[in-house]
Amino acid sequence: MTKSFVAYFKSENDAETAKAKLEKLRVSNVLVDELPETKKHNAYFPIVGMGTPGTMSTGTGVMGLGVADVSDNNREEHGQITHLLEGKVEEEDYDQAISILAESKGYRNE
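Residues numbered from 1 in each chain as written. Predicted model: local features only at pLDDT ≥ 70, side-chain atom pairs only at ≥ 80, totals over all residues. Heavy atoms only, no water.

**Description of the overall build of the protein**
- Within the protein one finds three helices and seven strands.
- Counting all 110 residues of the protein, 40% fall into the buried class.
- Of the contacts formed within the protein by residues at least 6 apart in sequence, a portion of 82% connects residues at least 24 apart.
- Approximately 6300 Å² of the protein is accessible, and the part contributed by carbon and sulfur atoms is 48%. (Helix = DSSP H or I, 4+ residues; strand = E, 2+ residues; numbered from the N terminus. Buried < 20%, exposed > 50% of the residue type's maximum accessible area, 1.4 Å probe, protein only. Contact = heavy atoms within 4.5 Å. Areas by Shrake-Rupley, 256 points an atom, 1.4 Å probe, with all protein chains shown as cover.)

**Some details on the pattern of salt bridges**
- As enumerated under the stated definition, the model contains four salt bridges in all.
- Among the salt bridges present, the one from Glu 34 reaches Lys 40, with a minimum N-O distance of 3.4 Å.
- On the accessibility criterion, Glu 34 (48% relative accessible area) is partly exposed.
- Residue class for Lys 40 comes out buried when judged on its relative accessible area of 9%. (Salt bridge = Lys/Arg side-chain N within 4 Å of Asp/Glu carboxyl O.)

**Some words on helix α3 (residues 94-103)**
- Turning to α3, its buried residues number three or more, namely Tyr 94, Ala 97, Ile 98, Ile 100, Leu 101 and Ala 102.
- Downstream of α3 by a residue or two, Lys 105 has a phi angle that is positive, lying close to 60°.

**Examining the packing of aromatic side chains**
- Tallied over the entire structure, the rule returns one aromatic pair.
- Where Tyr 8 meets Tyr 44, the ring centres are 4.8 Å apart and the plane angle is 50°; that geometry is what we call tilted. One end of the pair, Tyr 8, is in strand β1 (residues 2-9); the other, Tyr 44, is in the loop between β2 (27-34) and β3 (45-46), with 36 residues separating them in the sequence.
- Taking relative accessible area as the criterion, Tyr 8 reaches 11% and is therefore assigned buried.
- Residue Tyr 44 is classed as buried on the basis of its relative accessible area of 0%.
- Lying across the ring of Tyr 94, Lys 3 places its NZ or CZ 4.8 Å from the centre. (Phe/Tyr/Trp six-rings, centres within 6.5 Å; stacked < 30°, edge-to-face > 60°. Lys NZ or Arg CZ within 6 Å of the ring centre and 35° of its normal.)

**Digging into helix α1 (residues 12-22)**
- By the burial criterion, the buried members of α1 are Ala 15, Ala 18 and Leu 22. Taken down its axis, α1 places every buried residue within 65° of arc, on the same side. In this structure, α1 carries Asn 13 and Ala 20 as exposed residues pointing more than 90 degrees from its buried face. (Arc of directions from axis to C-beta.)

Quick look at the structure:
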């Protein structure tokens, strides 16, 4: 059984690097795409992998509780989210995929 994932990145290069790292897992339908301009201004939160302090289990993997301030005032300093990476991963590899996305400085928007 597979689980879906979506992560957001500050550059196409960051998203492609994370995609390459995910290829060692059992993934499918993995793609990198540029965000529409309207989505670039949403709030995004850092992904935090399993075993990292300040995380909580959601039953579908572990996502961090930290908040990245990507408001207009901080975009110049921290960069704007510009690309997304999405795909599917086998359930057994899901936690490892989330760890890879966290190490790759991926963000989530939920």
